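Below, each chain spelled out in residue letters.
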Amino acid sequence: MKKRPIVALIYDFDGTLSPGNMQEFGFIQAIGKTPEEFWRMSDGLAVGQDASNVLSYMKMMFDEAKKNGIKLRRSDFRKFGRHIQLFEGVKEWFSLINEYGESRGVQIEHYINSSGLKEIIEGSPIAKEFKHIFACTFMYNKEGEAEWPGIAVDYTAKTQYIFKINKGIFSAHDNKMVNESIAEDKKRIPYPQMIYFGDGETDIPCMKIVKMFGGHAVAVCDESSPKKKAFTQTLQHQGRVNFTVPANYTKDSKTYKVVCAIIDKIKADCELKRLAKAR
């Protein structure tokens, strides 16, 4: 039986699948802050300490929760995840694309590559759709409460997960296998079979890597934001992405049409390679 090619759809989360930062759908309200107040404090901490923005927001979450008597267990984070809002069509998107891939003889896999929190994403309505979620996490004490950052995913850390998906590695702490030399035809998902979706600055290195190695980078734009629109247009003009699409994932959307066309191309390229090797 002929092995089906795997196509990896890799998504940022905040601003790509959801119209805001995931902390804004319950957690920030629970600590009595507005999103503007929380991010101003977090950014101020990062600038004042010359620290990582990601580690700064994780510290802010930890400190503010403690101050307000809120326990941060995995189950608590997942409760916040239930309230995450999603862009139009996102909930139905995965079955739509899976069905299209099936009709074209390819296997579709979905991944998250986010600077947000894995534990919150795991509570979202779409968590079950992903092969793996690469994102920030906390470490937990014996009572099951968050006590320290476990993984902080900034824009450079995001790139390592592209290489891990390429080689089929799902361990966060692995540093050995990801750096081993593997022949291209032995890698689980070649770069040309990747589609990367992002909307912000932390996605630029991943977009460039995927595009540079023959994959496809898609900039997702929330068109209600002039700033976002200008940013994604700049990415397109600079050649950092292959496509810019509105943040709409319905069957009638440009996103669906673009992704279906990319899947067709990947399938055709794989078939041509197979024919070239046939004797």
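How each quantity is defined
Residues numbered from 1 in each chain as written. Predicted model: local features only at pLDDT ≥ 70, side-chain atom pairs only at ≥ 80, totals over all residues. Heavy atoms only, no water. Phe/Tyr/Trp six-rings, centres within 6.5 Å; stacked < 30°, edge-to-face > 60°. Helix = DSSP H or I, 4+ residues; strand = E, 2+ residues; numbered from the N terminus. Buried < 20%, exposed > 50% of the residue type's maximum accessible area, 1.4 Å probe, protein only. Axes fitted to C-alpha atoms, helices over the stretch in contact; angles between N-to-C directions. Parallel < 35°, antiparallel > 145°, perpendicular 65-115°, else oblique. Left-handed = near helix turned anticlockwise from the far one by under 90°. Contact = heavy atoms within 4.5 Å. Nonpolar A, V, L, I, M, F, W, Y, C, P; charged D, E, K, R; others polar. Salt bridge = Lys/Arg side-chain N within 4 Å of Asp/Glu carboxyl O. Expected span 1.5 Å × (residues − 1). 1 Å grid on protein atoms, 1.4 Å probe; cavity = no way out; pocket = protein on both sides within 12 Å on 5 of 7 lines; lining within 4 Å. Points joined across faces, edges and corners; volume = space filled by probe spheres on them.

Would you take a moment to explain the packing of aromatic side chains for this structure?
Each aromatic ring pair is described using two quantities: the centre-to-centre distance and the angle formed by the ring planes. Enumeration according to the criterion identifies 17 aromatic pairs in this entry. For the pair W39 and Y57, a centre-to-centre distance of 6.1 Å together with 70° between the ring planes defines the contact as edge-to-face. Taken together, the positions of W39 in helix α2 (residues 35–49) and Y57 in helix α3 (residues 53–67) put the pair 18 residues apart, joining distant regions of the chain. Residues F163 and Y191 carry aromatic rings whose centres are separated by 6.2 Å and whose planes lie at 85° to one another, so their mutual orientation is edge-to-face. Taken as a pair, F163 in helix α7 (residues 155–167) and Y191 in the loop between α7 and β5 (194–198) lie far apart in primary sequence, 28 residues in all. Taking relative accessible area as the criterion, F163 reaches 28% and is therefore assigned partly exposed.

Can you help me understand the packing of helix α5 (residues 90–103) against helix α10 (residues 254–277) in this one?
When two helices pack together, you describe them by how their axes are tilted relative to each other and by the distance separating the axes. Their axes nearest at 11 Å, the elements α5 and α10 cross at an angle of 30°. Taken together, α5 and α10 sit at an angle that is classed as roughly parallel. Helix-helix and strand crossings are classified by hand; for α5 and α10 the assignment is right-handed. On α10, the residues that touch W93, L96, I97 and Y100 of α5 are T255, Y256, V259, C260, I263 and D264. Per-class residue counts for the contact of α5 with α10 are eight nonpolar, one polar and one charged.

What should I look at first to understand the pattern of salt bridges in this one?
Any two side chains of opposite charge can pair if their charged atoms end up close together. In the structure shown here, the tally under the stated rule is 15 salt bridges. Residue K71 pairs with E145 through a salt bridge whose shortest N-O separation is 3.3 Å. Of this pair, K71 sits in the loop between α3 and α4 (74–81) while E145 sits in the loop between β3 (132–140) and β4 (146–151), and the two are 74 residues apart along the sequence. Salt-bridge contacts for K128 lead to E129; the nearest nitrogen and oxygen are separated by 3.7 Å. The class of E129 is partly exposed, set by a relative accessible area of 23%. Each of D12, K158 and D203 takes part in a single network of salt bridges with overlapping partners.

What's the story with helix α9 (residues 226–237) in this structure? I'm lost.
Residue pairs spaced three or four apart in an α-helix point in one direction, given the helix's 3.6 residues per turn. Spanning 12 residues, α9 covers 16 Å between terminal C-alpha atoms, matching the ideal 16 Å at 1.5 Å per step. Trailing α9 by a residue or two, G239 shows a phi angle of about 75°, which is positive.

How should the layout of surface pockets be read in this particular structure?
To find leftover empty space, one rolls a probe the size of a water molecule over the atoms. Estimated volume of the largest pocket: approximately 1200 Å³. What lines the largest pocket is a set of 33 residues, and nearest its centre among them are N21, G200, E201, T202 and K228. Listing elements by their share of the lining of the largest pocket, those giving two or more residues are α2, α3, β2 (107–117), α7 and α9. Its residues assigned to classes, the lining of the largest pocket comprises eight nonpolar, 13 polar and 12 charged. Its volume calculated, the second largest pocket comes out at about 730 Å³. P5, P190, Q193, C270 and K277 are the residues nearest the centre of the second largest pocket, which is lined by 19 residues in total. With six residues, α10 is the largest single contributor of residues to the lining of the second largest pocket. Along the lines of polarity and charge, the residues of the lining of the second largest pocket split into five nonpolar, two polar and 12 charged.

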